[in-house]
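Examining the three-dimensional arrangement
Here are the chains, one letter per residue:
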Amino acid sequence: QVQLEESGGGLVQPGGSLRLSCAASGSDYISRAMGWYRQAPGKQRELVASIGSDGRTTYAESVRGRFTISGDVAKKTVYLQMDSLKPEDTAVYYCAAEGTPGSGQYTDWGQGTQVTVSS
């Protein structure tokens, strides 16, 4: 099992930037894909970005070109750099880890961090 803790959320004006961090602990996390999800009030949780153990990344169409996911193996941390933020990016953002390496199923979750984009 992997333990995850997010940080870096907050209030930002439209057009601004934030960087979320996800600190991982536990065994075998580096062989798992990691993802950032978000959930806005009244909406389903959606996958925003993911990074595989091979470094390949995927992005939701709504954030492509504005968000960047990256990982630092030495620091055991995954980041989500969010630029050109829009009010519709407001949500609770969750870090997640793949349960079984290669399964594509995220089973370990952080507690979430609030991101609010508002003037």
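See the structure above.
Position numbers for residues start from 1 in each chain and track the written sequence from start to end. pLDDT decides what is reported in this predicted model: residues at 70 or higher carry local features, side-chain atom pairs at 80 or more are listed and counted, and totals for whole chains, interfaces and linings draw on all residues regardless. By convention in this description, side-chain values take in all heavy atoms of the structure and omit both hydrogens and water.

**Brief notes about the nonpolar core**
Selection rule: Definition of nonpolar core: a set of buried residues of the types Ala, Val, Leu, Ile, Met, Phe, Trp, Tyr and Cys, connected through side-chain atoms within 4.5 Å. Classification of residues uses two cut-offs on accessible area relative to the type maximum, computed with a 1.4 Å probe and protein chains only: under 20% is buried, over 50% is exposed, and between them is partly exposed. Helix and strand definitions follow DSSP, with helices as H or I runs of at least four residues and strands as E runs of at least two, each counted in order from the N terminus. By definition, residues are in contact when any of their heavy atoms lie within 4.5 Å.
Counting residues in each nonpolar core, the largest one holds 28 residues, and the members touching the most others are Trp36, Leu80, Met82 and Tyr93. Those elements that place two or more of their residues in this core are strand S1 (2-7), strand S3 (18-26), strand S4 (34-39), strand S5 (46-51), strand S7 (67-72), strand S8 (77-82), strand S9 (91-98) and strand S11 (113-117). Beyond its immediate sequence surroundings of up to four residues, Met82 is in contact with Gly16, Ser17, Leu18, Leu20, Arg66, Phe67, Tyr93 and Val115. Counting residues in hydrophobic clusters, the runner-up holds five residues, among them Ala33, Tyr37, Ala96 and Tyr106.

**Topic: the pattern of salt bridges**
When their charged atoms lie close together, side chains carrying opposite charge are able to pair. As a reminder, the rule being used: A pair is scored as a salt bridge if a Lys or Arg side-chain nitrogen falls within 4 Å of a carboxyl oxygen belonging to Asp or Glu.
Summed over all chains, the structure comprises six salt bridges. One salt bridge in this structure joins Asp89 and Arg38, with 2.9 Å as the shortest N-O distance. Residue Asp89 is found in the loop between S8 and S9, and its partner Arg38 is found in strand S4; the two are separated by 51 residues along the sequence. The burial state of Asp89 is the same as that of Arg38; both residues are buried. Between Arg56 and Asp54 there is a salt bridge whose closest N-O contact spans 2.7 Å. Using a relative accessible area of 65% as the deciding quantity, one classes Arg56 as exposed. Among the ionic contacts, a cluster of salt bridges with common partners joins Arg38, Glu46, Arg66 and Asp89.

**Some remarks on the pairing of S7**
This is how the line gets drawn: Here a strand pair is declared whenever DSSP counts at least two bridges between the two strands.
Looking at chain direction, S7 and S8 are connected through six bridges and run antiparallel. Within the sheet, the bridge partner assigned to Gly71 lies in S8 and is Val78. Linking two consecutive strands that pair antiparallel, namely S7 and S8, is a turn of four residues; a positive phi of about 55° is found at Lys76 within it.

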